[in-house]
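Structure assessment
Residue strings, one per chain:
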Amino acid sequence: MLYEQFKMRAEGVSAEVYRFVTKTEALDFVIRLLQNEGVADEANAFALWADSPFLEGMDRQALKKIAGLKFEVTRELASEAKFGISQMEWALTDTGTLVDDSSAIEQRLVSSLPSIHIALVPTSGILPDMPTLLSMVHPKDSSYLAMITGPSRTADIERVLTIGVHGPERLIIVFVDDLEGKFNPSKSPLI
Amino acid sequence: MRNEFKESINKAINNANLTGALGKFSEAYKVNRAKAYEGIDFEELRGRIADLKSYAASHLDQLSEQFTRNAEARGAKVFRSNDPAKVREYILKVAKDNEVKTIVKSKSMATEEIHLNPYLEKAGISVGETDLGEWIIQLAGQTPSHMVMPAIHMTKEEVSDLFSKEVNERLTSDIPRLVKVARNELRPRFLEADMGISGGNIAVAETGSVVLMTNEGNARLVTSLPKIHIALVGIEKLIEKYADVATILKALPRSATAQLLTSYVSIITGPTPNTDGSMKDLHIILMDNRRSEMAADPKFKQALQCIRCASCLNVCPIFRLVGGHVFGKVYTGGIGTILTAWFDELKKSEDIQGLCIQCGACRDVCPGKIDIPELILEIRRRIVQEQGLPLIQKAIYTVVNNRKLFHGMLRAASVAGKPFTSGKFVRHLPMFLADLTDGRSLPAIAAEPFRDRFKKIRQPKLKEKAAFYAGCLIDFAYPEMGEALVRILNKAGIEVIFPEEQTCCGAPARYNGAYEVAAGNAIDNIKALLIEDVTYVISACPTCTVALDHEFIDTFESLGQTEWVPKAKELSGKTVDFSTLVKKLVDEGRLSLKEGKKLGKITYHDSCHLKRTLKVSAEPRELLQKAGYELIEMFECDICCGMGGSYSIKLPEISGPILQRKLRNIKETGAPIVAMDCPGCVMQIRGGMDQDGADVKVRHTVELLVERLQE
């Protein structure tokens, strides 16, 4: 129910939303998506994946062998990457917003410089709204709380909505049911 | 008004691109905003915002200190100053100390306020705006015309010319392509910049956090890529509690751009690591620039409840005609007029405050619950206090304050006006109604004013009594409306008295800042109207009703003449507008209208004071429908007709197009009659229809209802 609401809101602001039960399924989906989009080793074609709980326990050596997939996040690489992949911890259903503690610069580099941002989100991180989020996530635990609602947009020329200015022009959200986040489910108002 | 100001108005009105873009936007905004607020109790929400911002405005020092403490504990450097010059110097010093050569900026009105860019550029530093709209106007060498959409006045062709020059390539006006060009051009500048400057949408005292909202994603880059970040924040952005961020986030994007949330929101608390592992050099400047003085002013303190959404611009019938540049170089529109008077100087607002027609549309949508029209009146009052009234106005008010002389002159005008009378209209009225705009005929002064005709009306002796306050227009131009009102009330068993000593309600003086004159009028009217014990004081002019009901009290309070306040309150308690009273009488079964006959289509125009101050809009509609009319709503039924009392005389170039738009909306309904409850609107719209030649009858509700009284 909350997921459906989130999906409706997020798609309303041009985000693409998917959901998988297992990390394996989600990973398969991401790899297929990258390959369909022509991921490759050269500049403006590769994907940059910021370290995240999703990657824990994954066979990174195997992943590194996939052409066009990189894990060393630098500003130079981020500015040349076509895809940025990161984990976002929370999702707000009432506005279709993703939220994350992005104090680590890598989190922001991969989600703001590439033209496509793929966000992996633990399904347990879905929250109803902003007041709920703010009651759970405090600035004392995060120097840079980042919220993302759809891709980058502008209407500064003749009020015509145009997607993709300084940030990504596509936001692909992948919910993973068995992904454990930083989020402690016992604190969730939903459970 | 200065000639160059008038010229800037004419230039704007004749700029079809500007008026076209703004017109389309204002229509779309209204629909989209309503959609964005679906399911939200706006009154409750803005009540909370007003409370929390008002609390902050009363505790600016305390919250500034708390913010400073908390932000510094997290490693930020906080600088607070009242002086724009010191703020500029501070930023330049940080830049010089760090050998900064290039700066990227995300949108900040506070930096516009202190004209930061030219100052830094003069010192040899390259400053690049990165918000698309701001970049466009930077390339064009212009200033923002709108707080949220700085380049709304420009066409895609103009933008493509600017960008073509910048990239040395002939570009088409394809908007997505232009946006790509901006992305590609600005990307290297973000990566190279030594310093990022941002504003701040919210500053949270409890946590020392700065909240930034953007759609393009430029603020994320400005705050992430350069090693130094300076956030320039006006202290009115301070709020006490972190939890209240959610309250502002709920209203700001909805009111600003009709979005549920902007694409990006960043809550920054203390420095974060740079890409090379070092820590960001984070400076937060809390800028006062007279905001504390404003907070100490009992009238203007509420202006600090502004969250800078610019919805007051988006709904303003004047702004959509003239755009932002007529208002000045930084803050524009309704709130801009107020901020300019304070952050710049009172004198600078002398012309622009006159742009406000006092229709109240902005007051209804302000998420900070600021009474913007009231504050603009207050500016007017202070300007008059400082500089005195213009000579001509002074002469007029000397007359208006002497009832016998005033009424004598109006009677004389009915004779003098005769040679110019064509049918029911004259082109020019003498005295203060002289020099009127084309596009509207004016009514002849009645040969016999209502006060004389009243004596000839034979009323039954009835137990319940109401005093009728006619107001100048019904008394001297439309006495038949007064006669109709007497017949209707008699039918409901109410006898009407007409206190002879009543005079002008003082609204014209008050709206021109001449509060002393308005107070004189108020005293005369209180004495006249409270002389007999009546149940109601009824008026068929909403502007007069508002004067009797609210403004007498406020005028006395503003002038400190509190001895008159109890009497003014007594009068207010009895005052009622025509449609509200008649609806009540019908509901109580004391008055019945002939029903059953189909009278055909009608459309209804909401008068500003009736709809937005007295909150009356359903009553006249229900009465007209009960009488047998089929109501067809016009587009923008509650947008001002452009009359605004003497506004239509002072700024005919603005009043004219507003009237034309109203006439068009009326005609498009196909209804042969348009009804309204205000004789001022009747004068404006009937005159307009007369010139237009359209076969649409313009009637006051009182005239239509009297025809349907049960025999």
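Residues numbered from 1 in each chain as written. Chains lettered and ligands numbered in written order. Predicted model: local features only at pLDDT ≥ 70, side-chain atom pairs only at ≥ 80, totals over all residues.

Structural notes on the overall build of chain B
Quick reminder of the rule: Only DSSP runs of H or I with at least four residues qualify as helices, and only runs of E with at least two residues qualify as strands; both kinds are numbered from the N terminus onward. Atoms counted for the radius of gyration: C-alpha only. Globule rule: 2.2 Å times residue count to the power 0.38. Residues are treated as contacting if the C-beta atoms built from their backbones sit within 7 Å of each other.
A tally of helices and strands in chain B yields 34 helices and 21 strands. Over its C-alpha atoms chain B spans a radius of gyration of 28 Å, differing by no more than 12% from the 27 Å that the globule rule assigns to 711 residues. Principal-axis analysis of the C-alpha atoms places the extent of chain B at approximately 95 × 55 × 50 Å. Residue pairs in contact within chain B that sit at least 24 positions apart in sequence constitute 76% of those at least 6 positions apart.

Re the packing of helix 28 (residues 578-587) of chain B against helix 30 (residues 618-626) of chain B
Residues and elements named next belong to chain B. Cut-off, in case you're wondering: Angular values range over 0 to 180 degrees, each being the angle between N-to-C directions of two axes fitted as lines to C-alpha atoms, with helices fitted over their stretch in contact. What sets the label is the angle itself: under 35 degrees gives roughly parallel, over 145 gives roughly antiparallel, 65 to 115 gives roughly perpendicular, and the rest give oblique. By convention the crossing between two helices is left-handed if the near helix lies anticlockwise of the far one by an angle smaller than a right angle, and right-handed if it lies clockwise. Each residue receives one of three labels: charged for Asp, Glu, Lys and Arg, nonpolar for Ala, Val, Leu, Ile, Met, Phe, Trp, Tyr, Cys and Pro, and polar for the others, Gly being one of them.
Closest axis-to-axis distance for the helix 28/helix 30 pair is 9 Å, and the angle between their directions is 50°. Classed by the angle they form, the pair helix 28 and helix 30 counts as oblique. For helix 28 against helix 30, the interelement crossing comes out left-handed. Contact residues: Ser-579, Thr-580, Val-582, Lys-583 and Val-586 in helix 28; Glu-619, Pro-620, Glu-622, Leu-623 and Lys-626 in helix 30. Classifying every residue of the contact of helix 28 with helix 30 gives four nonpolar, two polar and four charged.

Side note on the sheet that holds strand 8 (residues 238-239) of chain B
For clarity, the cut-off: Here, any two strands with at least 2 DSSP bridges between them count as paired.
Pairing within the open sheet is mixed, and its eight strands lie in the order 8(A)-5(A)-6(A)-9(A)-9(B)-6(B)-5(B)-8(B). The open sheet is flanked by strand 8 (126-127) of chain A together with strand 8 of chain B, the only strands paired with a single partner. Note that strand 6 (residues 209-214) of chain B and strand 9 (residues 264-268) of chain B share five bridges and pair antiparallel. Residue pairing for strand 9 of chain B: B:Val210 is matched across the bridge by B:Ile268.

Some points on the interface of chain A and chain B
Facing the 36 residues of chain A at the interface are 52 residues of chain B. Listing elements by their share of the side of chain A that touches chain B, those giving two or more residues are helix 4 (75-80), helix 5 (105-112), helix 6 (130-136), strand 9 (144-148) and strand 10 (153-154) of chain A. Of all the elements, strand 9 of chain A adds the most residues to the side of chain A that touches chain B, at five residues. Residues of the side of chain A that touches chain B, tallied by class, amount to 14 nonpolar, 16 polar and six charged. Pairing geometry for strand 9 of chain A and strand 9 of chain B, over five bridges, is antiparallel. Residue pairing in the sheet places A:Ile148 in a bridge with B:Tyr264 of strand 9 of chain B.

Focus on the domain arrangement of chain B
Residues and elements named next belong to chain B. Where we set the bar: Residue ranges for the domains trace back to a domain assignment, done automatically or taken from a database.
Per the domain assignment, the segments of chain B are domain 1 (11-154 + 194-291), domain 2 (413-586) and domain 3 (593-706). On the side of domain 3, 37 residues touch domain 2, which itself brings 37 residues to the contact. Of all the elements in the fold, those that place two or more residues in the side of domain 2 that touches domain 3 are strand 13 (442-443), helix 22 (471-476), helix 23 (479-491), helix 24 (507-511), helix 26 (542-559) and helix 28. Looking at the side of domain 2 that touches domain 3, the element that brings in the most residues is helix 28, giving six residues. Of the residues contributing to the side of domain 2 that touches domain 3, the split by class is 22 nonpolar, 10 polar and five charged.

What about helix 10 (residues 175-192) of chain B?
Note the threshold: A helix's residues, less one, multiplied by 1.5 Å, set its expected span. Three exposure classes are used, all based on how many other C-beta atoms lie within 10 Å of a residue's own C-beta (placed from the backbone): buried at 20 or more, exposed at 12 or fewer, and partly exposed between those limits.
For helix 10 of chain B, built from 18 residues, the straight-helix expectation of 26 Å at 1.5 Å per residue is met to within 8% by its first-to-last C-alpha distance of 26 Å. Listed as buried for helix 10 of chain B are B:Leu178, B:Val179, B:Ala182, B:Arg183, B:Leu186 and B:Phe190. On its buried face, helix 10 of chain B is in contact with strand 10 and strand 11 (162-163) of chain A together with strand 2 (102-105), helix 8 (132-140), helix 9 (156-167) and helix 11 (218-224) of chain B.

Overview of the nonpolar core
One recurring pattern in soluble globular proteins is that nonpolar side chains are buried together. Applicable threshold: To count as a nonpolar core, a set of buried Ala, Val, Leu, Ile, Met, Phe, Trp, Tyr and Cys residues must be joined through C-beta atoms within 7 Å.
Within the largest apolar cluster, 280 residues are counted, with the highest numbers of intra-cluster contacts made by A:Ala47, A:Ile173, A:Val174, B:Val233, B:Ile284, B:Ile338 and B:Leu485. Ranked by residue count, the leading element in this core is helix 26 of chain B, at seven residues. What B:Ile338 contacts, discounting residues up to four positions off in sequence, is B:Ala303, B:Ile372, B:Leu375, B:Ile376 and B:Ile379.

Let's talk about the sheet that holds strand 7 (residues 228-234) of chain B
All names here are of chain B. One open sheet accounts for six strands, arranged 1-10-7-4-2-3; its pairing is parallel. Either end of the sheet is taken by a strand with one partner, and the two such strands are strand 1 (77-81) and strand 3 (126-129). Within this sheet the neighbouring strands show an average axis-to-axis angle of 20°, counted without direction. Relative to strand 3, strand 2 is paired through four bridges, and the arrangement is parallel.

A look at unusual backbone geometry
All names here are of chain A. Although it is not a glycine, Glu-158 adopts a positive phi angle of roughly 50°. With respect to the helices and strands, the residue Glu-158 is situated in the loop between strand 10 and strand 11. The phi angle at Arg-159 is positive, at roughly 60°, despite the residue not being glycine.

Quick word on the environment of B:Ala507
Residue and element names in this part refer to chain B. Tracing the sequence through the fold places Ala-507 in helix 24. By C-beta crowding, Ala-507 is classed as buried, having 23 other C-beta atoms within 10 Å. Each C-alpha atom, one on Ala-507 and one on Ile-267, is 47 Å from the other, the two residues being 240 residues apart in sequence. Ignoring sequence-local partners within four residues, the contact set of Ala-507 consists of Thr-543, Cys-544, Ala-547 and Gly-645.

Looking at the pairing of strand 15 (residues 494-497) of chain B
All names here are of chain B. In strand 15, alternate side chains face the same way, and those of Ile-494 and Val-496 are buried while those of Glu-495 and Ile-497 on the opposite face are not. Bridge analysis of strand 14 (residues 464-469) against strand 15 gives four bridges, and the strand direction is parallel. Looking at strand 15, one finds that Ala-467 is bridged to Ile-497.

Describing the confidence of the model for chain A
The following threshold applies: One number per residue, pLDDT, summarises how confident the predictor is, and it ranges from 0 to 100.
Averaged over every residue, the pLDDT of chain A is 93; residues scoring 70 or more account for 95%. The low-confidence segment residues 184-191 of chain A (pLDDT under 50) makes five contacts with residues lying over four places distant or belonging to another chain.

Things to note about the packing of helix 16 (residues 333-344) of chain B against helix 18 (residues 372-387) of chain B
Residues and elements named next belong to chain B. In contact at an axis separation of 9 Å, helix 16 and helix 18 are set at 35° when each is read in the N-to-C sense. Judged by the twist between their axes, the crossing of helix 16 over helix 18 is left-handed. Residues Gly-334, Ile-335, Thr-337, Ile-338 and Ala-341 of helix 16 form the contact with helix 18, whose own contacting residues are Ile-372, Leu-375, Ile-376 and Ile-379. Of the residues in the contact of helix 16 with helix 18, the class split is seven nonpolar, two polar and no charged.

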